[in-house]
Number of protein chains: 2
Amino acid sequence: MRDFVYYAPTKVYFGKDKQKDVGKIIKEYGYKTIMMQYGKESIKKSGLYDQVMQSLKESEITVVEMGGVEPNPKLSFVRRAVKIAKETGVEMILAVGGGSVLDSSKATAVGAMTDLDVWEFSMRRAVPQEALPTGCILTHAAAGSEMSSSCVITNEEVNIKRGFGSELNRCKFAICNPELTYTVSKYQTACGIVDIMAHTMERYFTVCEPTDLTDRIAESILKAVVSAGRVLMDNPMDYEARATAMWASSLSHNDLTSCGRENALAVHQLEHALSGEFDFIPHGAGLAVLFPAWARYVYKENPSRFAQFARRVFDVNEADDKKAALIGIAEMENFFKSMGMPLTLREFNIPKDSMERLAEQCTFGKTRTIKNYVELDFERIKQIFESCY
Amino acid sequence: MRDFVYYAPTKVYFGKDKQKDVGKIIKEYGYKTIMMQYGKESIKKSGLYDQVMQSLKESEITVVEMGGVEPNPKLSFVRRAVKIAKETGVEMILAVGGGSVLDSSKATAVGAMTDLDVWEFSMRRAVPQEALPTGCILTHAAAGSEMSSSCVITNEEVNIKRGFGSELNRCKFAICNPELTYTVSKYQTACGIVDIMAHTMERYFTVCEPTDLTDRIAESILKAVVSAGRVLMDNPMDYEARATAMWASSLSHNDLTSCGRENALAVHQLEHALSGEFDFIPHGAGLAVLFPAWARYVYKENPSRFAQFARRVFDVNEADDKKAALIGIAEMENFFKSMGMPLTLREFNIPKDSMERLAEQCTFGKTRTIKNYVELDFERIKQIFESCY
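From a predicted model like this one, the values you see are computed outputs, not experimental measurements.

S.K.: Which parts of the structure should I look at to understand the overall build of chain A?
M.R.: In terms of helices and strands, chain A carries 15 helices and ten strands. In terms of C-alpha radius of gyration, chain A reaches 20 Å, essentially the compact-globule figure of 21 Å for 389 residues. Dimensions of chain A, computed from C-alpha atoms along their principal axes, come out at roughly 65 × 45 × 45 Å. Burial analysis of chain A (389 residues in total) assigns 57% to the buried set. Counted over contacts in chain A with a minimum sequence separation of 6, partners at least 24 positions apart contribute 77%.

Below you can see the structure in the form of structure tokens.
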């Protein structure tokens, strides 16, 4: 077990109707003027918007509204929000939505407390020193942003999607009502399940030694999420399955599954290049294509790790490690397929000659490699992209 | 899954030599004068005391020392510590030790910020409103007090051991170096393993419906801890096993394993009566006797829960739920026995006629029942005590 620091201070209010307490919760912290970010009009149709506004009003909280956060949240939106946050002097940012709204809110929270442009943090040219507090009402089980230290935004001027990690990015509170995800489409639900699994698998498939407890917790999350995903494909209103997915979303990305392990997030870096370049590709769908391809490329370096995954998560009964590893990867892929996920990049209708550009993006123009299992340079990343076209 | 609030804000610094950073860590919070509580002279013999004092000195932190915390920490000690904390105006309490030192420190931290006597909180006649911050350097994997909201002290004037829960009881930080537990005796190591398991099992064996994800995480902790316990009986210097036990100690009691479940801690209440009355009984040893006895008394109310435990934690291969449940309880008991734990109250040499008094203590003089599976009143609790004499 490697040394680690574990710090997941987000207070999670989990359960039915919890969004109606948002005003009370914010009032307890003493904030009186907040910015509320959200996405499209769907929260108005569902009634969530009215519930939230009502609760905020009852607690006499003044709200600066910023609707219109897009999937793969955009830098230009964040810059506008930062400007308004500074002008209005809001004391915190409330995100009502999924990972995109959350990450947009987190970036705004950091941007509001600095004279630097937020993109400087994504490009690692500066480290954030301060941020407004953030809180959220979660409407999608996927990104795990509600408890994570990460924040990913897209600079649409240059088609680059990039994240930065900071303890300042942790939400103060997260309101998680699984019922709010009942209306998430099958496809988006499946994308979310893949994202949750990927966050856990990225930490599981790393080069360090087994870590019995963290391994088993990761396997627990994976097994529970696979099971919940299967239920949800048939019955999207199953509360227990929605609740499992939502709680797994938080636990998969709050660092619990990397305690004592390396935290590489290699496949995420490939996917960020993909959905940064092709904005219409949902992050989870991109991961569904890339994860099995990456796994088949690297598993030979340590087949026993993949074999353990196969045996414990998908109950594969095969004594030979290499064979078990490959069966496990196929099971993962089959599961993604069973949920309607694409298996090839071709299915996104992206040009075949994009692979080189994607590999360049991943390597920041051939200036870096991605280390995990096999050190992936430009050539190898290109091969992985090509292998799943 | 029941609604829940999850809040585990303790920052955990886990790994080798981390105790040497304690001064730096405390300095970051800005505290300049602290009280340091510890137990017997063992931390002086091991060199830990010198390392800690050196680190605190380097960070120019003034230390008010309170050595001599006893196992089952005593109210009289806490009262003295509170007085000194108030007189010296310390800004935080640092616990260097195991669960007893931690709980003594937590009680002092609460006591220092009130005019009430600390025992009022244990007797539930008052609710703490404020506390000094606490931090710890952990030297024993057992109580989980390093991340928990609980604090248990013993009033030796009346032989009553009682705890109170409060978010104020959560440590700000916990320094967890598994190497510091190398010198813990086999017997005390085993007691710790039982305590960790009990914290998880108390939340697992409750009357609510299965909660797939929380169940699996609990089973992961149990499986990893059983495995680590077996290793440690043969090789107390196995770093991985010590690390597994230590991290499991934190996770078993930071409420992760009660998310979505009832949190009953029924057996702990029986044990608190036992070691409150008979101070020489280690908490873990008391639990090792009482847990199987309690389980055999209540399992019939929901054998499937105990059967799931048997199958998933001890790999019991038995289709019939009732049979599987009993085999699982026997496996638990055998495991305790294999670690040198007692199986009967007789082994503690306590008088046979104590059972009635213990049952009275548990029920606060027949004024309450303990609810979980079967509602346990005075008579039933007496029967459970008698069944394991």
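S.K.: Explanation requested: the sheet that holds strand 8 (residues 173-176) of chain B in the structure shown.
M.R.: Note: strands within a sheet are paired through backbone hydrogen bonds, in either parallel or antiparallel orientation. Strand order in the open sheet made by the twelve strands is 3(A)-2(A)-4(A)-5(A)-8(A)-1(A)-1(B)-8(B)-5(B)-4(B)-2(B)-3(B), with mixed pairing throughout. Strand pairing shows two members of the sheet lacking a second neighbour, strand 3 (62-66) of chain A together with strand 3 (62-66) of chain B, which therefore form its edges. Across the sheet, the mean angle separating the axes of adjacent strands is 25 degrees when strand polarity is ignored.

S.K.: Looking at this model, I keep getting lost on the interface of chain B and chain A. Mind explaining?
M.R.: Note on interface size: it is often stated as the accessible area lost on association of the parts. Counting from both sides, the interface comprises 29 residues of chain B and, opposite them, 29 residues of chain A. For the side of chain B that touches chain A, the secondary-structure elements that each account for two or more residues are strand 1 (4-14), helix 8 (212-234) and helix 9 (239-253) of chain B. Here the element with the most residues in the side of chain B that touches chain A is strand 1 of chain B; it accounts for ten residues. Residue composition of the side of chain B that touches chain A, grouped by class: 18 nonpolar, four polar and seven charged. Summarising the sheet, strand 1 (residues 4-14) of chain A and strand 1 of chain B pair through seven bridges and their orientation is antiparallel. Across the sheet, residue V12 of chain A finds its bridge partner in strand 1 of chain B, namely Y6 of chain B.

S.K.: Hey, could you run me through unusual backbone geometry in this one?
M.R.: Of all residues except glycine, most have a negative phi; of all peptide bonds, most are trans. Residues other than glycine seldom take positive phi values, yet D315 of chain A does so here, at roughly 50 degrees. Residue position: D315 of chain A is located in the loop between helix 12 (303-313) and helix 13 (321-338). A count of 10 C-beta atoms within 10 Å places D315 of chain A in the exposed class. Positive phi, close to 45 degrees, is recorded for F364 of chain B, a residue that is not glycine. With respect to the element layout, F364 of chain B can be found in the loop between helix 14 (355-362) and strand 9 (370-372). Residue classification places F364 of chain B among the partly exposed residues on the basis of 14 C-beta atoms within 10 Å.

S.K.: I would appreciate a short explanation of the environment of A107 of chain A in the present structure.
M.R.: Residue and element names in this part refer to chain A. For A107, the position within the fold is in helix 5 (residues 99-111). Separated by 254 residues in the primary sequence, A107 and Q361 place their C-alpha atoms 22 Å from one another. Dropping the residues within four chain positions of it, A107 is found in contact with V78, V118, C151 and I153.

S.K.: So what exactly am I meant to see when it comes to helix 7 (residues 186-204) of chain A here?
M.R.: Note on helix geometry: an α-helix contains 3.6 residues per turn, so any two residues three or four positions apart are oriented the same way. Across its 19 residues, helix 7 of chain A extends 27 Å between first and last C-alpha, which sits within 8% of the 27 Å expected from 1.5 Å per residue. Counted residue by residue, helix 7 of chain A has 16 buried out of 19 residues, so it is predominantly covered.

S.K.: It is not clear to me how the relation of the copies chain B and chain A should be interpreted in this structure. Could you clarify?
M.R.: What relates the pair of chain copies is a rotation about an axis plus a shift along that axis. Once turned by 180 degrees and shifted 0.0 Å along the axis, chain B lies on chain A with an RMSD of 0.0 Å. Read as a symmetry element, the transformation amounts to a two-fold axis. Measuring from the rotation axis to each C-alpha of chain B, the shortest distance belongs to P9 of chain B, at 1.9 Å. The share of interface residues of chain B whose copies in chain A are also at the interface is 100%, consistent with both copies meeting through the same surface.

What counts as what
- Residues numbered from 1 in each chain as written.
- Chains lettered and ligands numbered in written order.
- Predicted model: local features only at pLDDT ≥ 70, side-chain atom pairs only at ≥ 80, totals over all residues.
- Helix = DSSP H or I, 4+ residues; strand = E, 2+ residues; numbered from the N terminus.
- Rg over C-alpha atoms; globule rule 2.2 N^0.38 Å.
- Buried ≥ 20, exposed ≤ 12 C-beta atoms within 10 Å, placed from the backbone.
- Contact = placed C-beta atoms within 7 Å.
- Pairing = 2+ DSSP bridges.
- Axes fitted to C-alpha atoms, helices over the stretch in contact; angles between N-to-C directions.
- Nonpolar A, V, L, I, M, F, W, Y, C, P; charged D, E, K, R; others polar.
- Expected span 1.5 Å × (residues − 1).
- Least-squares fit on C-alpha atoms with pLDDT ≥ 70 in both.

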